[in-house]
Amino acid sequence: MSTADRKEKRFVLDSGIEVKRLYPPPDIPFEAPGEPPYTRGIYPGMYRDRLWTMRQYAGYATAEESNRRYHYLIAQGVMGLSVAFDLPTQIGYDSDHPFAEGEVGKVGVAIDSLEDMEILFQGIELEKISTSMTINATAAVLLAMYIAVAKKQGADLQKLAGTIQNDILKEYIARGTFIYPPRPSMRLITDIFEYCSRHLPRWNTISISGYHIREAGATAVQELAFTLANAKAYVKAALDKGLDIDVFGRRLSFFFNAHNNFFEEIAKFRAARRMWHQIMTAFGAQQERTKMLRFHTQTAGSTLTAQQPMNNIIRVTIQALAAVLGGTQSLHTNAYDEALSLPTEHSARIALRTQQIIAHESGVTYTPDPLGGSYFIETLTREVEEKAQAYLQKIDNLGGAVAAIEQGYIQKEIADAAYAYQQKIETGEKVVVGVNRFTTEESVNIDTLKVDDSVQQRQIERLRRLRRRRNNQQVKAALARLEAAARGTENVMPYILEAVEAYATLGEISDVFRSVFGEYSGA
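About the criteria used
- Residues numbered from 1 in each chain as written.
- Predicted model: local features only at pLDDT ≥ 70, side-chain atom pairs only at ≥ 80, totals over all residues.
- Heavy atoms only, no water.
- Helix = DSSP H or I, 4+ residues; strand = E, 2+ residues; numbered from the N terminus.
- Rg over C-alpha atoms; globule rule 2.2 N^0.38 Å.
- Contact = heavy atoms within 4.5 Å.
- Areas by Shrake-Rupley, 256 points an atom, 1.4 Å probe, with all protein chains shown as cover.
- Lys, Arg positive; Asp, Glu negative; His and termini not counted.
- Charge placed at Lys NZ, Arg CZ, Asp CG, Glu CD.
- Salt bridge = Lys/Arg side-chain N within 4 Å of Asp/Glu carboxyl O.
- Buried < 20%, exposed > 50% of the residue type's maximum accessible area, 1.4 Å probe, protein only.
- 1 Å grid on protein atoms, 1.4 Å probe; cavity = no way out; pocket = protein on both sides within 12 Å on 5 of 7 lines; lining within 4 Å.
- Points joined across faces, edges and corners; volume = space filled by probe spheres on them.
- Core = buried A, V, L, I, M, F, W, Y, C linked by side-chain atoms within 4.5 Å.
- Right-handed = clockwise from strand over helix to strand, strands pointing away.
- Pairing = 2+ DSSP bridges.
- Axes fitted to C-alpha atoms, helices over the stretch in contact; angles between N-to-C directions.
- Parallel < 35°, antiparallel > 145°, perpendicular 65-115°, else oblique.
- Left-handed = near helix turned anticlockwise from the far one by under 90°.
- Nonpolar A, V, L, I, M, F, W, Y, C, P; charged D, E, K, R; others polar.
- Expected span 1.5 Å × (residues − 1).

1. Some details on the overall build of the chain
Part 1 of the argument: The helix and strand tally for the chain stands at 21 helices and 11 strands.
Part 2 of the argument: Taking 2.2 N^0.38 as the reference for a compact globule, 523 residues should give roughly 24 Å; the C-alpha atoms of the chain span a radius of gyration of 23 Å, in line with that estimate.
Part 3 of the argument: If you take every contact in the chain between residues at least 6 apart in sequence, the share linking residues at least 24 apart comes to 78%.
Part 4 of the argument: Accessible area of the chain: about 21600 Å², with a carbon and sulfur share of 51%.
Part 5 of the argument: The distance from the centre of the 59 positive side-chain charges to the centre of the 62 negative ones in the chain is 2 Å.

2. Re the pattern of salt bridges
Part 1 of the argument: Scanning the model with the defined rule gives 40 salt bridges in all.
Part 2 of the argument: Of the charged contacts, one joins Glu64 and Arg462 as a salt bridge, the two residues approaching to 2.2 Å between their closest N and O atoms. Of this pair, Glu64 sits in helix H2 (residues 63-76) while Arg462 sits in helix H18 (residues 454-469); the two residues are 398 residues apart in sequence, bridging distant segments of the chain.
Part 3 of the argument: Arg462 sits in the buried class, given a relative accessible area of 11%.
Part 4 of the argument: As a salt-bridge pair, Arg481 and Glu498 come within 2.5 Å of each other at their nearest N and O atoms. On the criterion of sequence distance, the pair formed by Arg481 in helix H19 (residues 472-487) and Glu498 in helix H20 (residues 493-501) is long-range, its members being 17 residues apart.
Part 5 of the argument: Linked by salt bridges that have partners in common, Asp94, Asp96, Arg467, Arg470 and Glu508 make up one network.

3. Details of the environment of Gly399
Part 1 of the argument: You can see Gly399 is positioned in the loop between helix H15 (375-398) and helix H16 (401-406).
Part 2 of the argument: The spacing of Gly399 and Tyr409 is 10 residues in sequence and 11 Å in space, taken between C-alpha atoms.

4. Examining empty space enclosed by the protein
Vacant regions in the atomic arrangement are exposed by a probe of water-molecule size rolled over the atoms.
Part 1 of the argument: Throughout the structure, instances matching the rule amount to 3 cavities of 30 Å³ or more.
Part 2 of the argument: Quantified by volume, the largest cavity comes out at close to 100 Å³.
Part 3 of the argument: Taken together, 14 residues line the largest cavity, and the ones lying closest to its centre are Asn136, Ala137, Thr138, Ala139 and Leu188.
Part 4 of the argument: Broken down by element, the residue count for the lining of the largest cavity peaks at 4 residues, all from helix H7 (residues 182-199).
Part 5 of the argument: Along its surface, the second largest cavity is lined by 14 residues, and Met46, Val324, Leu325, Gly327 and Asp369 are the ones closest to its centre.

5. Regarding the nonpolar core
Part 1 of the argument: Counting 144 residues, the largest nonpolar core has Met117, Phe121, Trp276, Ile496 and Phe513 as the members making the most contacts within it.
Part 2 of the argument: With residues near it in sequence (within four places) discarded, Met117 still touches Ile111, Met133, Leu142, Met145, Tyr146 and Val149.
Part 3 of the argument: One finds Tyr60, Ala61, Val104 and Ala110 within the second-largest nonpolar core, a separate group that totals 8 residues.

6. Here's the deal with the pairing of strand S4 (residues 80-84)
Part 1 of the argument: A large share of S4 lies buried, amounting to 5 of its 5 residues.
Part 2 of the argument: Residues Gly80, Ser82 and Ala84 of S4 are buried on one face, and the alternating residues Leu81 and Val83, pointing to the opposite face, are buried as well.
Part 3 of the argument: Traced from strand S3 (residues 53-58) through H2 to S4, the parallel crossover comes out right-handed.
Part 4 of the argument: One ladder, built from 5 bridges, connects S4 with strand S5 (residues 130-134); its direction is parallel. Along S5, the bridge assignment pairs Val83 with Met133.

7. Some words on the packing of H19 against H20
Part 1 of the argument: In contact at an axis separation of 9 Å, H19 and H20 are set at 165° when each is read in the N-to-C sense. Here H19 is positioned roughly antiparallel relative to H20, judged by the angle of their axes. Of the two elements, H19 crosses H20, and the hand of that crossing is left-handed. For the pair formed by H19 and H20, the contact residues are Ala478, Leu479, Arg481, Leu482 and Ala485 on the first element and Tyr495, Ile496, Glu498 and Ala499 on the second.
Part 2 of the argument: Taken together, the residues that form the contact of H19 with H20 break down as 7 nonpolar, no polar and 2 charged.

8. What about the side chain of Gln165?
Part 1 of the argument: Mapped onto the elements of the fold, Gln165 is located in the loop between strand S6 (162-164) and helix H6 (169-175).
Part 2 of the argument: Residues in contact with Gln165, not counting those within four places in the same chain, are Met133, Thr134, Ile135, Asn136, Lys170, Glu171, Ile206, Ser207, Ser209, His212 and Phe255.

9. Describing the environment of Ala140
Part 1 of the argument: With respect to the helices and strands, the residue Ala140 is situated in helix H5 (residues 139-153).
Part 2 of the argument: A sequence separation of 353 residues divides Ala140 from Met493, and the C-alpha atoms of the two residues are 6.9 Å apart.
Part 3 of the argument: If we skip the residues at most four places from it in the chain, Ala140 touches Ile192, Met493 and Ile496.

10. Points about the packing of H15 against helix H17 (residues 409-427)
Part 1 of the argument: Look at H15 against H17: their axes get within 11 Å of each other, and the N-to-C directions meet at 145°. Every residue of H17 that contacts H15 at Tyr391, Lys394, Ile395 and Leu398 is listed here: Tyr409, Ile410 and Glu413.
Part 2 of the argument: Taken together, the residues that form the contact of H15 with H17 break down as 5 nonpolar, no polar and 2 charged.

11. A few points about the sheet that holds strand S9 (residues 252-258)
Part 1 of the argument: Strand order across the open sheet formed by 9 strands is S7-S6-S5-S4-S3-S11-S10-S9-S8, with parallel pairing between neighbours. Taken across any chain shown, the strands that pair with only one partner, and hence form the sheet edges, are strand S7 (203-204) and strand S8 (206-209).
Part 2 of the argument: In this structure, S8 lies alongside S9, joined through 4 bridges in parallel fashion. In the strand pairing of S9, Ile206 is matched with Leu252.
Part 3 of the argument: Seen against the sheet, H5 touches S5, S6 and S7 and runs at an angle of roughly 155° to S5.
Part 4 of the argument: Across the sheet, helix H9 (residues 220-240) is in contact with S8 and S9; its angle to S9 comes to roughly 165°.

12. Comments concerning H15
Think of an α-helix as turning once every 3.6 residues; residues three or four places apart then point the same way.
Part 1 of the argument: The first and last C-alpha atoms of H15 sit 35 Å apart over 24 residues, in line with the 34 Å expected at 1.5 Å per residue.
Part 2 of the argument: Immediately downstream of H15, the backbone of Gly399 shows phi near 110°, a positive value.

Written out as structure tokens, the structure reads:
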């Protein structure tokens, strides 16, 4: 593009917001970080007082191999663990189920029973580290396993800190690892809210995820709007159950994507805090802590390229910096080789070092919200908020997020945005360095991590030994009590924990719920 052409070009964000050549001072009141509605951050000092938690998402193959990776990451300076589970674990199948064939341990660690969970956290004191688990349909079962391991360690459950993703609505929208229909799935989630408010007061009971919505092709505005719409549905379900908003609301957290457009992402994070404060105030929350939007960020996996993979280090750095300048509470940085395979130890270390260099060498942590007051950032924050509010109003008119999902509205909006984005890449309107511009003929030659196909057989053998060794009558009785609770109105979490501690498997527990709730086809 020539200089003359560039001068005539309109610069429009993927959300449809046009970027002007120059921005006048916006008409906004002064707002300090740590003050409602928290546009500039939820804490007065932000990273001057405490850095964000550096998490690195990890988990693959067997519990033993993942445990070794966790010990390695802790030694390298991670401040919290983040567990990836394989697909059979995510959708409630044991490793010996026919549907698990070829998927065991491939995109995360295989967890079939409490025995696997004990191995996964061997040598790691759960009372002293926070753990995030990316799990949704089977979140209640994995949380019960985590609690059981903590109990075996003698940990004080009141001190356990961490998060389960537990966001089933975005699975129907974007990701697909659902099992049961939406409404019984919502019951499981609110049962977790209630149980944790009594027994695990420091545990974040849900991480309402815009990340996967964005990965499916949503724009920044859609990511924000659809995430908050889902959050409103969870709050309403909890209120309908009779829970106290100022108890369960304090443990709601969010999970956002950090994409390529640097300033749009920062504006999105700032707008999210402001909008959530308004939403929770409207729901009747009284305590300011309940109205604070706390979020984890992961850099955008969908932006990583298999071509010229070392370029991904630069992409991840820009995205991570946007998350930090946007005020994230924790951060995962993707490894440069993730478009090709699971990350190696070498690439995972570079991803972590990216965060550490931003934290300790860049100076961006010296003052809260250093871009606050920027004419561009303040105007863009308002524009992102206005467009997201329009989506929220549309979803409310449809009857809320669950109804909008059942009608296919949200899914269609994302599909249309994804198509438009891909069209721009294919026409060259949107430049992707190394893919449709500045390409080379060099072949990619980097070491990648490969999961041995023998993992599945090792998991199957472990399951067989477990089933021979455990008290099967005790398992059968525990599963029967769980089924009775699921058919009634009792909170199912104590019964899941009982079954887990009897060494019932993930698949056996999930099958109880399948028999009661049925399976959702996605139609």
